[in-house]
Amino acid sequence: MRKKIVAGNWKMNKTLPEAIELVENILKANTSAEVYKIFIPPFPFIYPVSKAIEKTASHFFVGAQNLHDKESGAFTGETSLAALKSVGATYVLVGHSERRSYFNESAEFLKNKINTCIAGNITPIYCFGEMLAEREANKHFEIIEQQLNESVFHLSAEDIVKLVLAYEPVWAIGTGKTASPQQAQEVHQFIRTCLEKKYNKQIADSISILYGGSCNAQNAKELFSMPDIDGGLIGGASLKAEDFVTIINSFS
Ligand code: PEP
């Protein structure tokens, strides 16, 4: 049985009081206990959010939006894995398209970050997906396989299963333009085929693959009903308690 996961990437939004209010409102609501729910706030809120969820028994976690691959040292403005773990983070995004494009994060750097996560025992959520021009040129499958090969397929069979994958077509992120459930399913199925080719069917069937890109309270149910979609990485819609709760409860 694959884990069902809904992760909220808050990006660079909210102040501390707003962050706590959002978390408290979500904790108060009725949310499906079997779904893994991950808050991914800006760095300063990781610790207070981890404190806020401490007493809930119902699969709530906190994650980080980024980490550095090095253990420690003179990297001003960066955050290490040890620092993240010490404030309660158990997940971290690696390879978000905004990091790839605005901060020029290379495939090699992402590979190193993945290795750091695996060695340090924090779960990476590896984000990848094609740009609009690549989809229009019908190159999306090629790009997706390449992004898997470059940054995660060096892992052993024992380690690859420690990852969560998030397919995020760049043209759908923050644009209000969602991949249709059929488009998303087609890619998720392809990702599972790549996993099976590289590893084996058992591994391919055990890794959770999330969809991200304008997933919201209206379209989550249809997306999550697809056989290879195991949940969502949610940006904009994770900033409102009511919407996030609806998304969490969108699995049939
Ligand atoms: C994201 O940032 O990963 C994302 C999917 O954003 P949005 O839901 O706003 O498109």
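Relevant structure appears above.
Below is a short write-up of the structure. (Residues numbered from 1 in each chain as written. Predicted model: local features only at pLDDT ≥ 70, side-chain atom pairs only at ≥ 80, totals over all residues. Heavy atoms only, no water.)

Regarding the overall build of the protein
Convention followed: Runs of H or I in DSSP of at least four residues are treated as helices and runs of E of at least two as strands, each being numbered from the N terminus. Just to be clear, the radius of gyration here is over C-alpha atoms, and the globule rule we use is 2.2 Å times residues to the power 0.38. We call two residues contacting when some pair of their heavy atoms lies within 4.5 Å. Using a 1.4 Å probe, the Shrake-Rupley method yields the accessible areas, and only the shown protein chains count as cover for residues. Charge convention: Lys and Arg are scored as positive, Asp and Glu as negative, and His as well as the terminal groups of each chain are ignored. Positions of charges follow a simple convention, taking NZ of Lys, CZ of Arg, CG of Asp or CD of Glu.
Check the secondary structure of the protein and you find 12 helices and 8 strands. Relative to the compact-globule value of 18 Å for 252 residues, the protein shows a C-alpha radius of gyration of 17 Å, a close match. Overall size of the protein, expressed as C-alpha extent along the three principal axes, is 45 × 45 × 35 Å. Relative to all contacts within the protein whose residues are 6 or more apart in sequence, the contacts with residues 24 or more apart total 74%. In the structure as shown, the protein presents an accessible area of about 11,500 Å², 51% of it carried by carbon and sulfur atoms. Seen as two clouds, the 25 positive and the 28 negative side-chain charges of the protein have centres 3 Å apart.

Side note on unusual backbone geometry
Short version of the rule: Burial classes follow relative accessibility: with a 1.4 Å probe on protein chains only, a residue under 20% of its type's maximum area counts as buried, one over 50% as exposed, and anything between as partly exposed.
Of note, the phi angle at K11 is positive, near 55 degrees, even though the residue is not glycine. Relative to the helices and strands, K11 resides in the loop between β1 (5-9) and α1 (16-28). With phi around 60 degrees, N138 is a residue other than glycine that occupies positive phi space. Inspection of the secondary structure puts N138 in the loop between α6 (132-136) and α7 (140-151). Given the relative accessible area of 59%, N138 is considered exposed.

What about the site of the ligand?
Spelled out, the test is: For this description, a residue counts as near a given molecule or strand if any of its non-hydrogen atoms is within 4 Å of it. Within 3.5 Å is the distance limit for a polar contact, defined as a pair of N or O atoms, with the added protein rule that one can donate a hydrogen and the other accept it, and that residues adjacent in sequence qualify only through two side-chain atoms.
What surrounds the ligand is a group of 14 residues, the closest being K11, E168, G174, S214 and G235. Separating an oxygen atom of the ligand from a side-chain N or O atom of K11 is a distance of 2.7 Å. G235 is positioned such that a nitrogen or oxygen atom in its backbone is 2.8 Å from an oxygen atom of the ligand. Burial of the ligand by the protein chains amounts to 95% of its free accessible area of 290 Å².

Side note on helix α12 (residues 241-248)
Here is the rule: By definition, the arc is the one covered by directions from the helix axis to the C-beta atoms.
Those residues of α12 lying buried are A241, F244, V245, I247 and I248. Across the axial projection of α12, the buried residues extend over an arc of 160 degrees, all falling on one side. Close packing links the buried residues of α12 with β1, α1, β2 (36-40), α11 (220-224) and β8 (231-234).

Section: the packing of α7 against helix α9 (residues 181-198)
We count it as follows: Note on geometry: axes are lines fitted to C-alpha atoms, helical ones only across the stretch in contact, with angles between N-to-C directions running from 0 to 180 degrees. Between 65 and 115 degrees an angle is taken as roughly perpendicular, under 35 as roughly parallel, over 145 as roughly antiparallel, and anywhere else as oblique. Handedness of each helix crossing follows the sense of rotation of the near helix against the far helix: counterclockwise by less than a right angle gives left-handed, clockwise gives right-handed. Residue polarity is assigned by list, with Asp, Glu, Lys and Arg as charged and Ala, Val, Leu, Ile, Met, Phe, Trp, Tyr, Cys and Pro as nonpolar; anything else, Gly included, falls into the polar class.
Relative orientation of the contacting elements α7 and α9 amounts to 45 degrees, with a least axis distance of 11 Å. In terms of their interaxial angle, α7 and α9 are classed as oblique. The crossing of α7 and α9 is right-handed. Between α7 and α9, the residues in contact are H140, F141, I144, E145 and L148 and E186, V187, F190, I191, C194 and K197, respectively. Classifying every residue of the contact of α7 with α9 by side-chain character gives 7 nonpolar, 1 polar and 3 charged.

Side note on the pattern of salt bridges
Note the threshold: The rule for a salt bridge is simple: a side-chain nitrogen of Lys or Arg has to be within 4 Å of a carboxyl oxygen of Asp or Glu.
Throughout the structure, instances matching the rule amount to 13 salt bridges. The salt bridge partner of K197 is E145, with a shortest N-O separation of 3.2 Å. Pair noted here: K197 is in helix α9 and E145 is in helix α7, with a separation of 52 residues, a long-range link. Judged by its relative accessible area of 24%, E145 is partly exposed. Measuring nitrogen to oxygen at the nearest pair gives 2.9 Å for the salt bridge that ties D205 to K201.

Considering the nonpolar core
Note the threshold: We call a set of buried residues a nonpolar core when its members are Ala, Val, Leu, Ile, Met, Phe, Trp, Tyr or Cys and they connect through side-chain atoms within 4.5 Å of each other.
Grouped together as the largest cluster of nonpolar side chains are 66 residues, with contacts concentrated most on I160, L165, I191 and L195. Top element by residues in this core is α9. It accounts for 6 residues. The residues contacting L195, other than those within four sequence positions of it, are F153, I160, L165, N200, A204, I207 and I209. Within the second largest apolar cluster, 13 residues are counted, among which are Y36, I38, Y91 and V164.

Considerations on the sheet that holds β2
Test applied: What makes two strands pair is DSSP finding at least two bridges between them.
As summarised here, the arrangement of the 8 strands in space is β1-β2-β3-β4-β5-β6-β7-β8, forming a closed barrel in which the pairing is parallel. Neighbour-to-neighbour, the strand axes of this sheet turn through a mean angle of 25 degrees, independent of strand direction. Alignment of β1 against β8, held across 4 bridges, turns out to be parallel. If you follow A7 over to β8, its bridge partner there is L233. Sitting on the sheet, helix α2 (residues 46-53) touches β2 and β3 (60-64), and the angle it makes with β3 is about 170 degrees.

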